[in-house]
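# Summary of the model geometry
This is what each chain is made of:
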Amino acid sequence: MKEKLLSRFSKYISYATTSDETSETYPSTQALLDFGDVMVEELKAIGMTEVAKDEYGYVTALLPANNGQEKPVIGFIAHFDTAPDMPGIAAPRIIENYDGKDIMLDAETNTALTLEDFPELADYKGQTLLTTDGKTLLGADDKAGVAEIVCAMEYLIQHPEIKHGPIKVGFTPDEEIGQGVKYFNTEKFGCDFGYTMDGGAIGELEYENFNAASACIKIQGRNIHPGYAKNKMVNSQLIAMELNAMLPEFERPQYTQDYEGFFLLIHMEGSVEQSQLNYIIRDHDRAKFEAKKQQLQQIVDFLNVKYNNRLTCEIKDQYYNMREMVEPVFYVVERAMKAMEEAGIKPVVQPIRGGTDGANLSFRGLPCPNIFAGGHNFHGKYEYVPLESMVKATEVVINIAKN
């Protein structure tokens with residue numbers, strides 16, 4: 001299983017599938033559509049049925065029941081795009097029998113995975129780590145999940161003595177830009193419940209996530225020659241700085257944990273004449289989430305009074321906390337916990353400080369908790385995944401199907 005996972009994961013990450021948040025198409029790049037064709041061939045090759053890719057790049061397939069039962073239908077879902085924060089890697093760096101010490105990723109830039117910064121590395125001494133080259137991200141988010149699902153399906157096909165009901169798999173693009181299941185047809189997918197294989201470290205099991213919104217604030221200034229600017233110039237950049245300073249300082253990601261929400265300035269650009277600020281807003285508590293959005297709008301309204309209506313603010317909800325949709329069918333979570341325990345894993349049930357496709361799917365009639373895929377430090381050059389964690393994630397998928 002380790003060899004198959006390594007082979008598939010290495011193959012998948014060799015394809016550049018960075019999603020593009022500036023694109024107006026769906027999926028956001030041609031490369032994502034093309035990678036869907038790769039996955040179609042993979043699923044056909046291992047013996048899945050009803051393999052298809054639709055116009056939006058969604059790849060789906062069926063493993064028919066071999067236990068004589070047609071219900072329940074279980075779905076396993078992962079996304080194959082990678083984050084636009086950094087380019088992806090062509091091949092993983094493979095560190096066998098990890099010695100438990102700091103790992104130099106790129107000597108030229110002195111980029112290293114250190115125990116001081118990442119103490120959890122010590123948990124993986126003796127294991128095989130897959131890392132970046134110190135210049136790119138790895139792509140374990142979520143091509144590790146894709147590889148695990150494919151390997152689990154192949155294992156079940158090759159071991160017909162393991163009885164199971166019908167199983168659907170779904171692979172999606174554009175999760176990293178919040179559009180992963182925008183056009184996903186849950187009714188056609190036809191599952192009673194599902195799991196996204198998109199979590200982090202081994203043991204993670206999540207059925208709570210942030211409520212999420214984005215905010216785009218544009219500020220119109222007035223540029224005048226500085227020598228003649230008195231009582232005329234309006235510097236949009238200074239208004240932008242003022243706005244950001246009015247948000248609560250300790251509600252930034254670097255000061256928050258667990259169920260605490262935040263405002264994050266993810267992009268800014270500007271000149272005297274015009275500036276733009278882009279934020280994301282997050283909170284697990286729906287009431288606090290709504291209050292955060294209102295707080296930002298009130299700041300904009302205040303500055304519009306002060307500066308004579310020079311600001312516009314567009315706030316868009318992205319997804320909501322899946323907890324309210326999963327709790328009524330909590331047996332879905334309990335089955336995942338049992339599958340982990342059977343694999344010798346202690347479940348670590350915790351809220352997602354982020355979001356998954358499962359959140360949107362849960363609100364569209366497909367309860368969909370999130371299971372670990374094994375990776376750490378997603379979206380950057382410090383990303384890594386222990387191969388043994390991927391093996392355990394694959395085992396969990398098999399156990400859920402078996403049970």
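Our subject is the structure that appears above.
Residues numbered from 1 in each chain as written. Predicted model: local features only at pLDDT ≥ 70, side-chain atom pairs only at ≥ 80, totals over all residues. Heavy atoms only, no water.

### Considering the packing of helix H1 (residues 2–13) against helix H3 (residues 140–158)
Going by this rule: Fitted lines through C-alpha atoms give the axes, limited to the stretch in contact for helices. The angle between two N-to-C directions lies from 0 to 180 degrees. Under the DSSP-based scheme used, a helix requires at least four consecutive residues in state H or I and a strand at least two consecutive residues in state E, with every element numbered from the N terminus. Relative orientations are named as follows: roughly parallel for angles under 35 degrees, roughly antiparallel for angles over 145 degrees, roughly perpendicular for angles from 65 to 115 degrees, and oblique for any other angle. For a crossing to be left-handed, the near helix must be turned anticlockwise from the far one by less than a right angle; the clockwise case is right-handed. Contacts are assigned to residue pairs with any non-hydrogen atoms lying within 4.5 Å of each other.
With their axes 9 Å apart at the nearest point, H1 and H3 run at an angle of 135° to one another. Classified by the interaxial angle, the pair formed by H1 and H3 is oblique. H3 is crossed by H1, and the crossing has right-handed handedness. Facing Lys-4, Leu-5, Arg-8, Phe-9, Tyr-12 and Ile-13 of H1, the residues of H3 in contact are Ala-140, Lys-143, Ala-144, Val-146, Ala-147, Glu-148, Val-150, Cys-151, Glu-154 and Gln-158.

### Thoughts on the sheet that holds strand E15 (residues 348–349)
Rules: One requirement defines pairing of two strands: DSSP has to find at least two bridges between them.
The strand order across the open sheet formed by eight strands is E1-E2-E8-E3-E9-E16-E10-E15, and the pairing between neighbours is mixed. Either end of the sheet is taken by a strand with one partner, and the two such strands are strand E1 (49–53) and E15. Pairing analysis gives three bridges linking strand E9 (residues 193–199) to strand E16 (residues 370–372), with the strands arranged parallel. Following the sheet pairing, Met-197 is matched in E16 by Ile-371. Packing of helix H2 (residues 30–46) onto the sheet brings it into contact with E1, strand E2 (59–63) and strand E8 (167–172), and relative to E1 it is tilted by some 170°.

### Remarks on the environment of Val-169
Cut-off, in case you're wondering: Buried, partly exposed and exposed residues are distinguished by accessible area as a fraction of the type maximum, computed with a 1.4 Å probe on protein chains only: under 20%, between the cut-offs, and over 50%, respectively.
Its location among the elements puts Val-169 in strand E8. Classification of Val-169 by relative accessible area gives buried; the value is 0%. Each C-alpha atom of the pair Val-169 and Thr-196 lies 9.9 Å from the other, and the pair is 27 residues apart in sequence. Excluding residues that lie within four positions of it along the chain, Val-169 makes contacts with Leu-43, Met-48, Val-59, Thr-60, Ala-61, Phe-76, Ile-149, Met-153 and Phe-189.

### Details of the sheet that holds strand E4 (residues 93–95)
Pairing within the open sheet is antiparallel, and its three strands lie in the order E4-E7-E17. Every interior strand has two partners, whereas the edge strands, E4 and strand E17 (384–386), have only one. The mean inter-strand angle of the sheet, taken between neighbouring strand axes irrespective of direction, is 20°. As paired strands, strand E7 (residues 129–131) and E17 are joined by three bridges and run antiparallel to one another. Along E17, the bridge assignment pairs Thr-131 with Tyr-384. Here helix H10 (residues 387–402) sits on the sheet in contact with E7 and E17, set at roughly 65° to E17.

### A word on the packing of aromatic side chains
For any pair of aromatic rings, the description rests on two quantities: the centre-to-centre distance and the angle between the ring planes. The cut-off we apply is this: Any two of the Phe, Tyr and Trp rings considered here, Trp counted by its six-membered ring, make a pair once their centres fall within 6.5 Å; the pair's planes then place it as stacked at under 30 degrees, edge-to-face at over 60, or tilted in between. Over a ring means this: the NZ of a Lys or the CZ of an Arg is within 6 Å of the ring centre and within 35 degrees of the ring normal.
This model, assessed by the stated rule, comprises 19 aromatic pairs. Note on Tyr-124 and Tyr-384: the rings are 6.3 Å apart at their centroids and 75° apart in plane angle, and the pair reads as edge-to-face. Of this pair, Tyr-124 sits in the loop between strand E6 (111–113) and E7 while Tyr-384 sits in strand E17, placing them 260 residues apart in sequence. The pair formed by Tyr-124 and Tyr-384 is uniform in burial state, with each residue classed as buried. Here the aromatic rings of Phe-193 and Tyr-331 are separated by 6.0 Å at their centres, their planes lie at 90°, and the arrangement is edge-to-face. Of this pair, Phe-193 sits in strand E9 while Tyr-331 sits in helix H8 (residues 331–342); the two residues are 138 residues apart in sequence, bridging distant segments of the chain. According to the relative accessible area criterion, Phe-193 is buried, its value standing at 1%. These aromatic residues form a ring-pair network of at least three members: Tyr-26, Tyr-56, Tyr-58, Tyr-183, Phe-184 and Phe-189. A cation over a ring is seen here: Lys-143 above Phe-35, with NZ or CZ 5.0 Å from the ring centre.

### Some details on the side chain of Ser-362
Structurally, Ser-362 can be placed in helix H9 (residues 357–362). Accessibility expressed as a relative area gives 1% for Ser-362, which makes it buried. If we ignore the near neighbours within four places in the chain, the residues touching Ser-362 are Met-322, Met-325, Val-326, Pro-367 and Cys-368.

### Notes on the environment of Arg-286
Following the sequence through the fold, Arg-286 ends up in helix H6 (residues 286–306). What makes Arg-286 partly exposed here is its relative accessible area of 35%. Spatially, the C-alpha atoms of Arg-286 and Ile-167 are 33 Å apart, while their sequence positions differ by 119 residues. Beyond its immediate stretch of four places on either side in the chain, Arg-286 contacts Asn-211, Tyr-320 and Glu-324.

In short, the description is geometric, and any link to function would need to be established separately.
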